[in-house]
Amino acid sequence: MRDDGWRGPDAVTVGPARREPRRRLVEIRIVESRRALDDQPLPRAVRPAPPRDPPTVPLVVPRTRDIEPLRPRRRALGRAFLLVLVLALVALAAATDAGRPAASGPTPVAAPRPPDPAPVVDPAQAAREATAAIDRLVQGDSIGHVSVAARNLATGATFGYAPDTPIATASVVKLDVLQTLLLQSQDAGGQPSEGDRELAAPMITQSDNDAASTLWEAVGGVPAIDAANDRLGLRATRLVDHWGSSTTPASDQVTLLAALTGPSPLDPTSRAYALDLMTRVADDQRWGVSAAADPGTTSALKNGWTPDESDGGRWVVGSVGAVTVAGDPVLLVALTEHQPDEATGIQLVEDLSRSAARAVTPAASRR
């Protein structure tokens, strides 16, 4: 009996019926074999035997435990989906790993790079560059009316552009008056009196002219200040009773500043007092040499500015002080006269200060 249904793992062997197509194939082969034999000559006494039905060839169906059983269609689809998902995850992981550096042990730490050596700058070359820069600044009516000087207290480097040319002082001379007062107070065995301090403070921080005139007279005027300048090392400053018309070269003003920043006839208390006043000048008077200072540093300075009636109303503009340039303490002086107006004079003084500062601090020239 034929059964086309799947009976599970215990299915049995099934034989085909006599009239199955396979039986006819076998019969054809037998007939063909007989025909082949009939083609051979046979003895007359031999007669072919009547045909017989060949035996049935059984069809053996293997037990299902020996082969992979068929799966329902939904299971085949599930396996295909799972295979696609696995392949997608493998591709994603490969792409992620491609963008990640290969792990080959701990990441080595790079050794710190040593700092670049400071550029070696020829001081003479720096001075030539500064001189050329100032030549470009000093044109027309300014020629012969400027005096510039700088000294780096850390290295000892100095620079001067017409450093011995005398220029009108205007209010810059008030610093000379203050130092004379301090020397006289020391000679008397003490510090300036309270009254003198009340005049000295506005004379420096606000450039008060009345306070300056009072102290000028109080210290003894031209003879007394000349005597103090001799002790402090000034050589070419010329004082007149109308103090703003006194003249001084940049070289003398650097010497006057040096008396406040190192060993000098002034004692440490007097030096500290003067420098403190110079760091507290009014905000609108903090121009000049401070333009060359490092950002965020405090400059100690004293400026002067006034129209000169003897010069047709042209302006005298000057600035002196101690500043920090490229980390070094630098004394700077820029004095000008015969300027067309105050603003032009201030701009020139600041440009001169920057050029002079670069000459004595090569690091600043590379900024």
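Up top you'll find the structure we're talking about.
Residues numbered from 1 in each chain as written. Predicted model: local features only at pLDDT ≥ 70, side-chain atom pairs only at ≥ 80, totals over all residues. Heavy atoms only, no water.

Caption draft 1: Fine view of the nonpolar core. Counting residues in hydrophobic clusters, the biggest one holds 43 residues, and the most contacted among them are Leu175, Leu178, Met203 and Trp216. For this core, the secondary structure elements donating two or more residues are α4 (174-187), α5 (194-205), α6 (209-219), α7 (221-232), α8 (250-261), α9 (268-278), β6 (314-325) and β7 (328-339). Sort the elements by how many residues they give to this core and α8 lands first, with seven residues. (Core = buried A, V, L, I, M, F, W, Y, C linked by side-chain atoms within 4.5 Å. Buried < 20%, exposed > 50% of the residue type's maximum accessible area, 1.4 Å probe, protein only. Helix = DSSP H or I, 4+ residues; strand = E, 2+ residues; numbered from the N terminus.)

Caption draft 2: A look at the pattern of salt bridges. Taken as a whole and assessed by the stated rule, the structure comprises four salt bridges. The salt bridge involving Arg231 is made with Asp187; its shortest N-O contact spans 2.9 Å. With Arg231 in helix α7 and Asp187 in helix α4, this residue pair connects regions lying 44 residues apart in the sequence. Judged by relative accessible area, Asp187 falls into the exposed class, the value being 53%. A salt bridge links Asp276 to Arg280; the nearest nitrogen and oxygen atoms lie 3.2 Å apart. Classification of Arg280 as partly exposed rests on a relative accessible area of 45%. (Salt bridge = Lys/Arg side-chain N within 4 Å of Asp/Glu carboxyl O.)

Caption draft 3: Local environment of the pairing of β6. Burial analysis of β6 places ten of its twelve residues in the buried class, the great majority of the element. Examined bridge by bridge, strand β5 (residues 300-308) and β6 share nine bridges and lie antiparallel to one another. Opposite Asn303, over in β6, you have Ser319 as the bridge partner. Hairpin connection, β5 to β6: the antiparallel pair is bridged by five residues, and Gly312 has positive phi, about 70°. Where β6 folds back on β7, the antiparallel hairpin that results is connected by two residues, among which Ala326 adopts a positive phi of roughly 55°. (Pairing = 2+ DSSP bridges.)

Caption draft 4: Representation of α6 within the structure. Buried within α6 are the following residues: Ala211, Ala212, Leu215, Trp216 and Val219. Take α6 and look down its axis: the buried residues cluster within an arc of 135°, on one side only. In α6, the exposed positions that point more than 90 degrees away from the buried face belong to Asp210, Glu217 and Ala218. The inward-facing, buried residues of α6 contact α4, α5 and α7. Two to three positions downstream of the cap, the backbone nitrogen of Asp210 sits 3.0 Å from a side-chain oxygen, assigning the N-cap of α6 to Asp208. One or two positions beyond α6, positive phi appears at Gly220, with a value near 115°. (Arc of directions from axis to C-beta. Contact = heavy atoms within 4.5 Å. Polar contact = N/O pair within 3.5 Å; in protein donor to acceptor, adjacent residues only side chain to side chain.)

Caption draft 5: Expanded view of unusual backbone geometry. Backbone geometry places Ala162, a non-glycine residue, at a positive phi of 45°. With respect to the helices and strands, Ala162 occurs in the loop between β2 (158-161) and β3 (167-168).

Caption draft 6: Structural view of the side chain of Thr237. Residue position: Thr237 is located in the loop between α7 and β4 (247-248). In terms of polar contacts, Thr237 uses its side chain to reach the side chain of Thr248, at 2.8 Å. The residues touching Thr237, leaving out its near neighbours within four places in the chain, are Asp176, Asn229, Thr247, Thr248, Pro249 and Asp252.

Caption draft 7: Representation of the packing of α4 against α8 within the structure. Direction vectors running N to C along α4 and α8 enclose 40°, while the axes themselves pass 11 Å from each other. Put simply, α4 runs oblique to α8. When you trace α4 past α8, the crossing you get is left-handed. Of α8, the residues touching α4 (which contributes Leu175, Asp176 and Gln179) are Leu256, Leu257, Ala259 and Leu260. (Axes fitted to C-alpha atoms, helices over the stretch in contact; angles between N-to-C directions. Parallel < 35°, antiparallel > 145°, perpendicular 65-115°, else oblique. Left-handed = near helix turned anticlockwise from the far one by under 90°.)

Caption draft 8: The arrangement of the packing of aromatic side chains in detail. Throughout the structure, instances matching the rule amount to one aromatic pair. When the centroid spacing of 5.8 Å and the interplanar angle of 70° are considered together, the rings of Trp287 and Trp305 count as edge-to-face. Placement of Trp287 in the loop between α9 and β5 and of Trp305 in strand β5 is noted, with a sequence separation of 18 residues between them. The ring of Tyr273 is capped by Arg197, whose NZ or CZ atom sits 4.5 Å from the centre of that ring. (Phe/Tyr/Trp six-rings, centres within 6.5 Å; stacked < 30°, edge-to-face > 60°. Lys NZ or Arg CZ within 6 Å of the ring centre and 35° of its normal.)

Caption draft 9: View of the environment of Val349. Residue placement: Val349 occurs in helix α10 (residues 342-360). Assessed through its relative accessible area of 0%, Val349 is described here as buried. For the pair Val349 and Val289, spaced 60 residues apart in sequence, the C-alpha to C-alpha distance is 7.3 Å. If near-sequence neighbours (up to four positions away) are discounted, Val349 is found in contact with Gly288, Val317, Gly318, Ser319, Ala334 and Thr336.

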